[in-house]
Structure formats: structure tokens, C-alpha cells
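# Analysis of the macromolecular model
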Amino acid sequence: MEKIQKMISGKPVVIFSNNSCCMSHTIKTLFLDFGVNPAIYELDEISRGKEIENALSQLGCSPTVPVVFIGGQLVGGANQVMSLHLNRSLVTMLKRVGALI
């Protein structure tokens, strides 16, 4: 958990992802299309990726990718992000943390 806190600290938007996951690709594309520059951690490419995935699971993230943090707060996975997007809350959250102007 401490490792995750260090990884998200000071970053407006963080996405934990896997290159082989189609939903991870969709979420990354959504944020990039908004013009957001998220910190992206590809858990299938980084050392200790499995350990981080286990920590995300302990936070209640299921599935463990994609997982999005905005302003240091856990937003959740693809379903939660898409729900925020569809009810027009996502842009507001991104503006609040300075990820969008």
C-alpha cells in the first residue's frame, strides 16, 4: 500500500494498466483524448508489478487493471471511470486537480 501511495503522490492522474488488457487501452485512450497526461504504470512491464497488483486487490479493486487515481484518490476501474464520464463528472474532477484547463 505504501508503494502505491508513493507512485500516486503528487500526480494529478495515475492509471495502473496492463498492455494486454483491452479495457486498460480504452481508459488510457479516454484520458489521452481529453488532453490529460496521466502517469501510466504498465504492471506487466515493471518490476514488482505483480506485488502492486496484489496491493490494488487489497484496496478492493477487482479487476486489478485498469485502476485510476485522480488527485490521489482511488476512482476505481473502467466501470467507475466510464460512469463518471457518462454523467459528466469526470471532466470536473480532472479540472479540479489541474489535469485539464
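The following paragraphs examine the structure supplied in this document. Computed from a prediction, not measured in an experiment: that's the story for all the values here.

### What about the sheet that holds strand β2 (residues 39–42)?
Backbone-to-backbone hydrogen bonds join strands into a sheet, with any given pair of strands oriented parallel or antiparallel. On the basis of which strands lie adjacent, the open sheet formed by four strands has the order β2-β1-β3-β4 and mixed pairing. Whereas interior strands pair on both sides, the edge strands pair on one side only; in this sheet they are β2 and β4 (73–76). Shown here is a sheet whose adjacent strand axes are inclined to one another by a mean of 20 degrees, direction ignored. Direction of pairing for strand β1 (residues 13–17) relative to strand β3 (residues 67–70): antiparallel, over a ladder of four bridges.

### Focus on the nonpolar core
Side chains that are nonpolar tend, in soluble globular proteins, to be buried together. The biggest cluster of nonpolar side chains holds 17 residues, and the ones touching the most others in it are Val13, Phe31, Val68, Ile70, Val81, Leu90 and Leu94. The set of elements that each furnish at least two residues to this core consists of β1, α2 (22–34), β3, α4 (78–86) and α5 (90–96). For valine 81, the contacting residues outside a window of four places in its chain are Ile27, Leu30, Phe31, Val68, Val75, Gly76 and Leu90.

### Side note on the packing of aromatic side chains
Counting across every chain of the model gives two aromatic pairs. A ring pair is formed by phenylalanine 16 and tyrosine 41, whose centres lie 5.4 Å apart and whose planes are at 20 degrees; its orientation type is stacked. Highlighted residues: phenylalanine 16 in strand β1 and tyrosine 41 in strand β2, separated in sequence by 25 residues. A single burial state applies to phenylalanine 16 and to tyrosine 41, both of which are buried. Through a chain of ring-to-ring contacts, the aromatic side chains of Phe16, Tyr41 and Phe69 assemble into a single cluster.

Thresholds, definitions, all that
In this numbering scheme, every chain counts its residues from 1 along its sequence in written order. Where totals are concerned, whole chains, interfaces and linings use all residues; where local detail is concerned, this predicted model gives features only for residues with pLDDT of at least 70, and gives and counts side-chain atom pairs only at 80 or more. The side-chain values count all of the structure's non-hydrogen atoms but skip hydrogen atoms and water molecules. One bridge is not enough; two strands pair if DSSP finds at least two bridges between them. Helix and strand labels come from DSSP, where a helix needs a run of H or I of at least four residues and a strand needs a run of E of at least two; each type is numbered from the N terminus. Axes here refer to lines fitted to C-alpha atoms; in helices the fit is confined to the stretch in contact. Angles between the N-to-C directions go from 0 to 180 degrees. Buried residues of nine kinds, namely Ala, Val, Leu, Ile, Met, Phe, Trp, Tyr and Cys, make up a nonpolar core once their side-chain atoms join them within 4.5 Å. In this scheme, a residue with accessible area under 20% of its type's maximum is buried, one over 50% is exposed, and one in between is partly exposed, where area comes from a 1.4 Å probe on protein chains only. Whether two residues are in contact is decided by their heavy atoms, any of which lying within 4.5 Å being enough. For this analysis, a ring pair means two rings from Phe, Tyr or Trp (six-membered ring only for Trp) whose centres lie within 6.5 Å, classed as stacked if their planes differ by under 30 degrees, edge-to-face if by over 60, and tilted for the remaining angles.

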